[in-house]
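Architecture and fold: a report
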Amino acid sequence: MAYGYFFSPSTGGFYHSGVNHDIPADAQALTDAEHEALLVAQDGGAEIVAGDGGEPTAKAPTRSVQ
């Protein structure tokens, strides 16, 4: 399976092999479905962060009590 989307934990950014020619060495391949799920979570307020293994993870927003 050819992957188009990648996530780099060092930059915290997404890359696509059809657009980006310089993809960081630490970038991890994502399926289209994984990429879409992360974007949906981000649209819902989550922050995309690198997990312990460098994989992208949707972190729920923290709410402060005032």
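What comes next concerns the included structure.

Cut-offs used in this document
- Residues numbered from 1 in each chain as written.
- Predicted model: local features only at pLDDT ≥ 70, side-chain atom pairs only at ≥ 80, totals over all residues.
- Heavy atoms only, no water.
- Helix = DSSP H or I, 4+ residues; strand = E, 2+ residues; numbered from the N terminus.
- Polar contact = N/O pair within 3.5 Å; in protein donor to acceptor, adjacent residues only side chain to side chain.
- Pairing = 2+ DSSP bridges.
- Buried < 20%, exposed > 50% of the residue type's maximum accessible area, 1.4 Å probe, protein only.
- Contact = heavy atoms within 4.5 Å.

Brief notes about the environment of Glu-34
Along the chain, Glu-34 falls in helix H1 (residues 32–43). Measuring from C-alpha to C-alpha, the distance between Glu-34 and Pro-56 comes to 9.2 Å, with 22 residues separating the pair along the chain. A polar contact is formed between the side chain of Glu-34 and the backbone nitrogen of Thr-31, at a distance of 2.8 Å.

Brief notes about the pairing of strand S5 (residues 56–59)
Successive residues of a regular strand alternate their side chains across the two faces of the sheet. Summarising the sheet, strand S4 (residues 47–50) and S5 pair through four bridges and their orientation is antiparallel. Within the sheet, the bridge partner assigned to Glu-47 lies in S5 and is Lys-59.

Regarding the environment of Ala-33
Relative to the helices and strands, Ala-33 resides in helix H1. With 25 residues separating them in the primary sequence, Ala-33 and Ala-58 have C-alpha atoms 14 Å apart.

Quick word on the environment of Val-49
In this structure, Val-49 sits in strand S4. For Val-49, a relative accessible area of 24% puts it in the partly exposed group. Sequence separation between Val-49 and Ala-37 is twelve residues, and the spatial gap between their C-alpha atoms is 14 Å. Beyond its immediate sequence surroundings of up to four residues, Val-49 is in contact with Phe-7, Glu-55, Pro-56, Thr-57 and Lys-59.

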